[in-house]
Amino acid sequence: SSQVRLYHQKVIDHYENPRNVGMLDRKLQNVGTGIVGAPACGDVMKLQIEVDDAGIIKDVKFKTFGCGSAIASSSYMTTLVKGMTLDEAGRVKNTEIAKELSLPPVKLHCSMLAEDAIKSAIKDFHSKNPSKNPLGRPTL
Ligand code: FES
Ligand code: FES
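Predicted model, so just to flag it, every value in this text is computed and none were measured. Residue positions are given per chain, counting from 1 as you read along its sequence in written order. Here chains are named by letter from A upward and ligands by number from 1 upward, in the order in which they appear as written. Totals for whole chains, interfaces and linings use every residue, but because this is a predicted model, local features are given only for residues with pLDDT of at least 70 and side-chain atom pairs only at 80 or more, for both listing and counting.

Side note on the sheet that holds strand β3 (residues 57–65)
Alright, step 1. When DSSP finds two or more bridges between a pair of strands, those strands are recorded as paired. Strands are runs of DSSP state E lasting at least two residues, helices are runs of H or I lasting at least four, and both sets are numbered from the N terminus onward. The strand order across the open sheet formed by 3 strands is β1-β2-β3, and the pairing between neighbours is antiparallel. Among the strands making up the open sheet, the edge pair consists of β1 (31–37) and β3. Here the average twist between neighbouring strands, direction ignored, is 15°.
Alright, step 2. Here 8 bridges tie strand β2 (residues 44–51) to β3, and the two strands are oriented antiparallel to one another. Bridge pairing links glutamate 50 to aspartate 59 in β3.
Alright, step 3. Those strands touched by helix α2 (residues 68–81) are β2 and β3, and its axis lies near 175° from that of β3. Between N-to-C directions, angles cover 0 to 180 degrees, with each direction set by a line fitted to C-alpha atoms, over the stretch in contact for helices. Residues are defined as contacting one another if the C-beta atoms placed from their backbone atoms lie within 7 Å.

And the structure:
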């Protein structure tokens, strides 16, 4: 159906024109880096977030060495979390990505990689900034 075709085009679009590809300086205090791998296939995803003083993700970059669905999942994830609080970004589920990109069941783990990557980046940010509460805001 045209509906299926539309969803299919979304995954192709994010694969052919991935958003926010690149890297941030991981040595910066306000940059969190997540690097995760998928045991099922060996694909690797790196996702980085730059967080402002209010705990908002103001920039995000990714590099994915993997299949088209993993690249599309990470690209879509970056567009979702930009502008979110760390708390909001930590709640984005892989099912949300899989639904948007219409991934088949065999490709669900590709979207899981994107969820793992953002969680890992948030965790890294918190470990580098222990004086800030889980929302990323400075504790008073
Ligand atoms: Fe080959 Fe993911 S299994 S790229
Ligand atoms: Fe493994 Fe897509 S096939 S991440």
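Details of unusual backbone geometry
Alright, step 1. Phi at asparagine 20 is positive, roughly 60°, even though this residue is not glycine.
Alright, step 2. Within the secondary structure, asparagine 20 sits in the loop between α1 (2–16) and β1.
Alright, step 3. Here a residue counts as buried when 20 or more other C-beta atoms fall within 10 Å of its C-beta, as exposed when 12 or fewer do, and as partly exposed in between; the C-beta atoms come from the backbone. Overall, the presence of 17 C-beta atoms within 10 Å leaves asparagine 20 in the partly exposed class.
Alright, step 4. The phi torsion at serine 102 lies on the positive side, around 55°, for a residue other than glycine.
Alright, step 5. Within the secondary structure layout, serine 102 lies in the loop between α4 (94–101) and α5 (108–128).

What to know about the packing of α2 against α4
Alright, step 1. Across the interface, α2 lies against α4 with an axial gap of 10 Å and an inter-helix angle of 110°. Between α2 and α4, the angle is such that the two are roughly perpendicular. Like other packed secondary-structure pairs, α2 and α4 cross with a definite hand, here right-handed. Note on element contacts: α4 touches α2 through Ile97, Glu100 and Leu101, opposite Ala72, Ser73, Tyr76 and Met77.
Alright, step 2. Here the contact of α2 with α4 is built from residues that sort into 5 nonpolar, 1 polar and 1 charged. Comment on the angle field: the value is read as roughly parallel under 35 degrees, roughly antiparallel over 145, roughly perpendicular from 65 to 115, and oblique elsewhere. Here a crossing is called left-handed whenever its near helix is offset anticlockwise from the far helix by less than a right angle, and right-handed whenever the offset is clockwise. As a working rule, the residues Ala, Val, Leu, Ile, Met, Phe, Trp, Tyr, Cys and Pro are called nonpolar, Asp, Glu, Lys and Arg charged, and the rest polar, with Gly in that last group.

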